[in-house]
Amino acid sequence: MDANAFIETAIREIRQTAGEDRVVMALSGGVDSSVCAALAEKAIGDRLAPIYIDTGLMRKGETERIVHLFGHLDLQVIDAHDEFFSALQGICDPEQKRKVIGERFIRIFEREAERNGARSYLQGTIYPDRIESQGGIKSHHNVGGMPVAVAFRQIIEPLRDLYKDEVREVAGALDLPPEIQHRMPFPGPGLAVRVVGEVTREKIAVVREANAIVEEELIDQYHPWQCLAALLSLGTGVKGDNRIHGWVVAVRAVASRDGMTANPLDLPYEVLEKLQSRITAEIPTVARVVYDVTPKPPATIEYE
Ligand code: XMP
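Each value, and the rule that gives it
- Residues numbered from 1 in each chain as written.
- Predicted model: local features only at pLDDT ≥ 70, side-chain atom pairs only at ≥ 80, totals over all residues.
- Heavy atoms only, no water.
- Domains from an automatic or database assignment.
- Contact = heavy atoms within 4.5 Å.
- Salt bridge = Lys/Arg side-chain N within 4 Å of Asp/Glu carboxyl O.
- Helix = DSSP H or I, 4+ residues; strand = E, 2+ residues; numbered from the N terminus.
- Nonpolar A, V, L, I, M, F, W, Y, C, P; charged D, E, K, R; others polar.
- Axes fitted to C-alpha atoms, helices over the stretch in contact; angles between N-to-C directions.
- Parallel < 35°, antiparallel > 145°, perpendicular 65-115°, else oblique.
- Left-handed = near helix turned anticlockwise from the far one by under 90°.

Colleague: Hey, could you run me through the domain arrangement of the protein in this one?
Modeller: Many descriptions give the size of an interface as the accessible area lost when the pieces come together. Per the domain assignment, the segments making up the protein are domain 1 (3–181) and domain 2 (200–291). The centre of domain 1, based on its C-alpha atoms, is set 29 Å off from the matching centre of domain 2. Facing nine residues of domain 1, the contacting portion of domain 2 comprises eight residues. At the surface where domain 1 touches domain 2, the tally comes to three salt bridges. For E209, the salt bridge goes to K60, with nearest N and O atoms at 3.1 Å. At three residues, the largest contribution of residues to the side of domain 1 that touches domain 2 is made by helix α4 (residues 81–88). When grouped by side-chain class, the residues that make up the side of domain 1 that touches domain 2 number three nonpolar, two polar and four charged.

Listed below in structure tokens is the structure:
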């Protein structure tokens, strides 16, 4: 693929397909939706209405980061914490969780699209998203492939034939900041799939802090394909003079080519110790930290 040729063609296609429409899109800040937004802005300027839905399940500092990166595109930020946490109450099954989050996301998006009077809908579906959804491996929440009940005249998917590494190449050719171009993948359902069992605000707050520590300690030094922290269950621990019931946090850092298979990173013991001591010291409700050495298969990368 020639990235510059792709950009020219995609801009032309978006401009032609959109016609005079106002075009709405969900911007998550990941490389796919960021590339889509940049292409659409070149194609149709301020007729693009990018919407960022803050689900309450995002990583630490994510909303501020996205506002900083895309504020110039007139980004609309929708605070939907309450809606997502109430929808997730009592839901423990991983696939059910994904469905509930995907549904909520779509309903909010539809509402906002109508408010914006948009007639076309742009989304950053890439080739592997289409394949994985067809294969029924897991219900892929990306907005991609989700039925939207708004009467859009059309759906525009400029990246539909690209692989992830090609999208990254296009991001480079578009001069998007390196932090977007090389961003680790992050699942659409967010931190919800890093909490085993029912999702609550408290658990998300814990797993968000733990994820931030893992990313801070590992990304620049060890360049994992993906790294994360997940909340497993409650376990017994002792803090000060008291036996406590505290969270068990699992740390995962993997090398992979495409996420289909993965191998755990062979991290130095001192690094594991540092992760343990920071997580237990900085998050008082964590009693135990474990490092996951399981490859994929048999384990998946995420915990749910
Ligand atoms: P697993 O856990 O299946 O993950 O080994 C493989 C890659 O996919 C990401 N992932 C998701 N991405 N929606 C997404 O958009 C999802 O429901 C989802 N589940 C997993 C995961 O982070 C990893 O990069």
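Colleague: Help me understand the packing of helix α9 (residues 201–222) against helix α10 (residues 269–282), please; the structure alone is not making it clear to me.
Modeller: Relative orientation and spacing of two packed helices are given, respectively, by the angle between their axes and the distance between those axes. In contact at an axis separation of 9 Å, α9 and α10 are set at 155° when each is read in the N-to-C sense. The angle between α9 and α10 falls in the class roughly antiparallel. α10 is crossed by α9, and the crossing has right-handed handedness. From α9, A210, I213, V214, E216, E217, L218 and Y222 reach across to α10, where they touch V271, K274, L275, R278, I279 and E282. Looking at side-chain class alone, the contact of α9 with α10 contains eight nonpolar, no polar and five charged residues.

Colleague: Before we go on, may I ask you to explain the pattern of salt bridges in this structure?
Modeller: Close approach of charged atoms lets side chains of opposite charge pair. Evaluated as defined, the whole model comprises 25 salt bridges. Several salt bridges share partner residues, and in doing so they unite E83, R104, R111, E112 and R115 into one network.

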